[in-house]
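# Secondary and tertiary structure notes
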Amino acid sequence: MPRLSRVEGQVSGVSRMIEQQRPCMEVLQQLASVQAALRGVTKTVLRNYLERCATDAIRSGDTAVYDELMEAIYKFAK
């Protein structure tokens with residue numbers, strides 16, 4: 001997944017910035033970018049879960065998916 005590879009590169013960049021003792025505000029700016037990128041990946045994976053896994057489980061009558069879905073919503077709605 002290209003987005004995840006980009007996040008990996010950003011995290012490596014933050015690590016290098018810290019090793020190089022770059023100014024705190026620069027590191028914080030980059031960390032904010034990493035968090036935003038991770039939120040994007042999370043949205044993509046959650047959407048995939050809803051479109052495929054949850055939908056298939058609901059159609060098959062598996063009611064356990066509702067608890068799973070609520071757990072996912074609570075985890076990422078903070």
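Whatever comes next refers back to the structure up there.
Residues numbered from 1 in each chain as written. Predicted model: local features only at pLDDT ≥ 70, side-chain atom pairs only at ≥ 80, totals over all residues. Heavy atoms only, no water.

### A closer look at the overall build of the chain
Just so we agree on the cut-off: Put simply, DSSP marks the helices as runs of H or I at least four residues long and the strands as runs of E at least two long, and each gets a number from the N terminus on. What the globule rule says is 2.2 Å times the number of residues to the power 0.38, and the radius of gyration is computed from C-alpha atoms. Each residue gets one of three labels from its accessible area relative to the maximum for its type: buried under 20%, exposed over 50%, partly exposed in between, using a 1.4 Å probe on protein chains only. Two residues qualify as a contact provided that any one of their heavy atoms is within 4.5 Å of a heavy atom in the partner residue.
Looking only at helices and strands, the chain features three helices and zero strands. Each helix and strand of the chain, placed in order from N terminus to C terminus, yields the pattern α-α-α. Against the 2.2 N^0.38 benchmark of 12 Å for 78 residues, the chain shows a C-alpha radius of gyration of 17 Å, more extended than a compact globule. In terms of its C-alpha atoms, the chain occupies a principal-axis envelope of roughly 55 × 25 × 15 Å. Looking at the chain as a whole, 21% of its 78 residues are labelled buried. If you take every contact in the chain between residues at least 6 apart in sequence, the share linking residues at least 24 apart comes to 44%.

### Quick word on unusual backbone geometry
Residues other than glycine seldom take positive phi values, yet Gln21 does so here, at roughly 55 degrees. Position of Gln21 among the secondary structure elements: in the loop between α1 (2-19) and α2 (24-60).

### Brief notes about α2
Side chains of residues three or four places apart in an α-helix project in the same direction, reflecting 3.6 residues per turn. Keep this limit in mind: Given a helix with a known number of residues, its expected span is that number minus one, times 1.5 Å. Bend, at a single residue, is the angle you get between axes fitted to the 7 residues ending at that residue and the 7 residues starting at it.
Taking 1.5 Å of rise per residue, 37 residues should cover 54 Å, and α2 covers 52 Å from first to last C-alpha, within 8% of that figure. At Leu50, α2 is bent by approximately 35 degrees, the largest bend along its length. Within α2 the residues assigned to the buried category are Val27, Val34, Ala37, Gly40, Val41, Tyr49, Ala54 and Ala57. Residues of α2 that are buried make contact with α1 and α3 (64-76). Downstream of α2 by one or two residues, Gly61 has phi in the positive range, about 90 degrees.

### Concerning the pattern of salt bridges
Where we set the bar: Think of a salt bridge as a Lys or Arg side-chain nitrogen and an Asp or Glu carboxyl oxygen that are within 4 Å of each other.
One pass over the full model with this rule turns up four salt bridges. Where Arg22 meets Glu26, a salt bridge forms, and the shortest distance between an N and an O atom there is 2.7 Å. Look at Arg22 and you get partly exposed, because its relative accessible area is 38%. By relative accessible area, which is 33% here, Glu26 ends up partly exposed. With its nearest N and O atoms 3.9 Å apart, the salt bridge here joins Glu71 to Lys75. Here the residue Glu71 and the residue Lys75 both occupy positions in helix α3, the gap between them amounting to four residues, near one helical turn. Its relative accessible area of 48% is what places Glu71 among the partly exposed residues. The partly exposed category is assigned to Lys75, whose relative accessible area is 46%. When salt bridges that share partners are traced, they join Arg47, Glu51 and Arg52 into one network.

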